[in-house]
Amino acid sequence: MIRSVANTEPRETTGREPKPIYRLTHNGKNITARFQGRLMSLTLTDNRGFEADQLDIELDDHDGMLDLPEKGTRLSLALGWADTGVVDKGTYKVDEIEHSGPPDQLTIRARSADLGSDLTTRKERSFRDRTVGAVVRAIASKNELAAVIAQQLADLVIDHLDQTGESDANLLTRLAKDYDAVATVKQGKLLFIKAGEALCASGIPLPVVTITRASGDKHTFNIADRENYNGVKASYQDTRSAKKGEVVIDASNAVAVREKAGSGKGKKKKETVTSYPNPDNVKVLRHTYASRANAERAARAEWQRIQRGVATFSITLARGRPELFPELPAVVRGWKPQIDSTGWIVTKVTHNLTGNGYTTALELEIRPADLDNEERLDRRSVSP
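Rules behind the numbers
Residue positions within a chain follow its written sequence, with the count starting from 1. Per-residue local features of the predicted model are confined to residues with pLDDT of at least 70, and side-chain atom pairs are confined, for both listing and counting, to 80 or more; whole-chain, interface and lining totals are unaffected and use all residues. Side-chain descriptors were evaluated using all non-hydrogen atoms of the structure, hydrogens and water having been removed beforehand. Secondary structure elements are taken from DSSP: a helix is a run of H or I of four residues or more, a strand is a run of E of two residues or more, and numbering for both begins at the N terminus. Exposed residues in this analysis have more than 50% of their type's maximum accessible area, buried residues have under 20%, and partly exposed residues fall in between, with area computed by a 1.4 Å probe over protein chains only. Any two residues having at least one pair of non-hydrogen atoms within 4.5 Å are treated as being in contact. Two strands are said to pair when DSSP picks up at least two bridges between them. All axes here are fitted lines through C-alpha atoms, helices being fitted over the stretch that makes contact, and every angle between N-to-C directions spans 0 to 180 degrees. In these notes, a set of buried Ala, Val, Leu, Ile, Met, Phe, Trp, Tyr and Cys residues joined through side-chain atoms within 4.5 Å is what counts as a nonpolar core. When a carboxyl oxygen of Asp or Glu is within 4 Å of a side-chain nitrogen of Lys or Arg, the pair counts as a salt bridge. Every residue is assigned a pLDDT by the predictor, reflecting its confidence on a scale from 0 to 100.

J.: What's the story with the overall build of the protein in this structure? I'm lost.
T.: In terms of helices and strands, the protein carries 6 helices and 23 strands. Within the protein, the fraction of its 384 residues that count as buried is 46%. Across the protein, every contact between residues at least 6 apart in sequence was considered, and the portion connecting residues at least 24 apart equals 65%.

So this is what it looks like as structure tokens:
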């Protein structure tokens, strides 16, 4: 969920640890007491973008006294600790129920209620010469959502954008990918923000959160080959200027252009070619863009995503932190210098509450503003 977060670390372990707590409400009524003594596990997976957040609740039904909830029931969840209170984690709509045994148990699966049905309904329409802000606001208004748009994206002009048998969620995801952005719905707001630039629901930047090794249970740091790509190629067909061509963004951030002009009789075709990366290692975007500028923008955004994926970091926090969520910028301390010196962005958060306690698992990738660090990671040794 997109909300404010305090830049604080959990308290050090003492002989007497505080108790993890949760609160479930239905139609404004606290129903937590119904689950006392029956809760086997509660898992909340908080994803980025339009991948629905998921709540899984496993309950002990050894005596057969549990009623099966109706599909479509809305449950609101809050998580936290007895000494610090709970944090609102949003509302979820029950869409799957499973009863198994023996021993009998009931599993309730619910997904984020913010993703209304109209967002996932296929539509047919086109946008021409509209800004990113205008398109996002139009979709937000249609779905009765408030729009929060990054300032550096709002005024960018889209030459042509077709929505053919495609849902609003898919269209926004595709548009976000072209601009290396993230589109998501949180707390009744449609957010369209640059990847790695965390905003709260009001559009205010969030502080960087600090994670220390002392708060972790286990971790994995990985440096991977950049999908073996040394460039990204995008094609365009500009009908107004009768030009078609290709744009390639490579490791040096240079642009290679192959363009052909003229289509009628007597018009001489002109082709300009600059050096390409090895074509066997270039990632080709399947979409054909309406202009060279749009193609270049999409190729550059995809190249930045590939670079961010060069290093990943995951950690399970021994004491769960309910205030953490995707797109939150983070710094880590207590690991190797290469890890600690890199700026990270949280991409996935999994909260897990069981009889053994409450933990939070985090997945992180390199922040866009810190992409230069990846070259440093490549050059330095990471051996123990």
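Past the structure itself, the notes keep going.
J.: Would you take a moment to explain the pairing of strand S7 (residues 105-112) for this structure?
T.: Each regular strand shows side chains that alternate between the opposite faces of the sheet. Burial analysis of S7 places 7 of its 8 residues in the buried class, which makes it a mostly covered element. One ladder, built from 7 bridges, connects strand S4 (residues 54-60) with S7; its direction is antiparallel. Pairing of Leu59 across the sheet is with Leu106, part of S7. As paired strands, strand S6 (residues 85-100) and S7 are joined by 8 bridges and run antiparallel to one another. Note that in S7 the partner of Glu96 across the bridge is Arg109. Linking two consecutive strands that pair antiparallel, namely S6 and S7, is a turn of 4 residues.

J.: For this particular structure, what's the right way to read helix H3 (residues 168-178)?
T.: Since the α-helix packs 3.6 residues into each turn, any two residues three or four apart lie on the same face. Where H3 is concerned, the buried positions are Asp168, Ala169, Leu171, Leu172, Leu175, Ala176 and Asp178. Remark: Asp180 follows H3 within two positions and exhibits a positive phi of approximately 50 degrees.

J.: How should I be thinking about the sheet that holds strand S11 (residues 181-186) in this particular structure?
T.: The strands making up a sheet are joined through hydrogen bonds of the backbone, oriented either antiparallel or parallel. Taken in spatial order, the 3 strands of this open sheet run S9-S12-S11, and their pairing is mixed. Lying at the two open borders of the sheet, with one neighbouring strand each, are strand S9 (146-149) and S11. On average, each strand axis in the sheet is inclined to that of its neighbour by 15 degrees, with strand direction left out of account. In this sheet, strand S12 (residues 189-194) lies alongside S9 in parallel orientation, the contact comprising 4 bridges. Paired with Ala147 across the strands is Leu190, a residue of S12.

J.: Which parts of the structure should I look at to understand the nonpolar core?
T.: Within soluble globular proteins, side chains that are nonpolar tend to cluster in buried spots. Phe50, Leu190 and Phe192 are the most contacted members of the largest nonpolar core, which has 26 residues in total. Those elements that provide at least two residues to this core are helix H1 (132-142), helix H2 (151-154), strand S10 (157-167), H3, S11 and S12. Setting aside its immediate chain neighbours within four residues, Phe192 contacts Val132, Val136, Val148, Ile149, Ala150, Leu153, Leu172, Leu175, Ala176, Ala181, Val182 and Ala183.

J.: Just to check I follow, could you spell out the environment of Gly133 for this structure?
T.: Mapping Gly133 onto the fold places it in helix H1. Accessibility expressed as a relative area gives 0% for Gly133, which makes it buried. Measuring from C-alpha to C-alpha, the distance between Gly133 and Ile158 comes to 9.9 Å, with 25 residues separating the pair along the chain. Sequence-distant contacts of Gly133, defined by excluding residues within four places in its chain, comprise Ile149, Leu153 and Ala154.

J.: What am I meant to see in the pattern of salt bridges here?
T.: Enumeration over the complete set of coordinates arrives at 12 salt bridges. Between Glu327 and Arg48 there is a salt bridge, and its shortest N-O distance comes to 2.7 Å. Of this pair, Glu327 sits in the loop between strand S20 (311-317) and strand S21 (329-333) while Arg48 sits in the loop between strand S3 (39-46) and S4, and the two are 279 residues apart along the sequence. The class of Glu327 is buried, set by a relative accessible area of 3%. For Lys123, the salt bridge is made with Asp168, and the minimal N-O distance between the two is 3.2 Å. Here Asp168 lies in helix H3 and Lys123 lies in strand S8 (residues 122-131), a separation of 45 residues in the sequence. Residue Lys123 shares its accessibility class with Asp168, and that shared class is buried. If you follow the salt bridges from partner to partner, you end up with Asp56, Glu96, Glu98 and Arg109 in one network.

J.: Mind showing me how you'd approach the confidence of the model for the protein here?
T.: Caution is warranted with low-pLDDT regions, since their predicted coordinates should not be read in detail. Considering every residue of the protein, the mean pLDDT works out to 78; 77% of them sit at 70 or more. In the model, residues 372-384 has pLDDT below 50 throughout and makes 28 contacts with residues more than four positions away in sequence or in other chains.

J.: Is there a simple way to think about unusual backbone geometry in this case?
T.: When glycine is set aside, most residues are seen to have a negative phi, and most peptide bonds are trans. With an omega of -10 degrees, the peptide bond running from Gly101 to Pro102 counts as cis. Relative to the assigned elements, Pro102 resides in the loop between S6 and S7. Here the residue pair Pro102 and Pro103 is connected by a cis peptide bond, since its omega of -10 degrees sits within 30 degrees of zero. Counting through the fold element by element, Pro103 comes out in the loop between S6 and S7. If you check the backbone angles, Asn27 has positive phi at about 55 degrees while not being a glycine.

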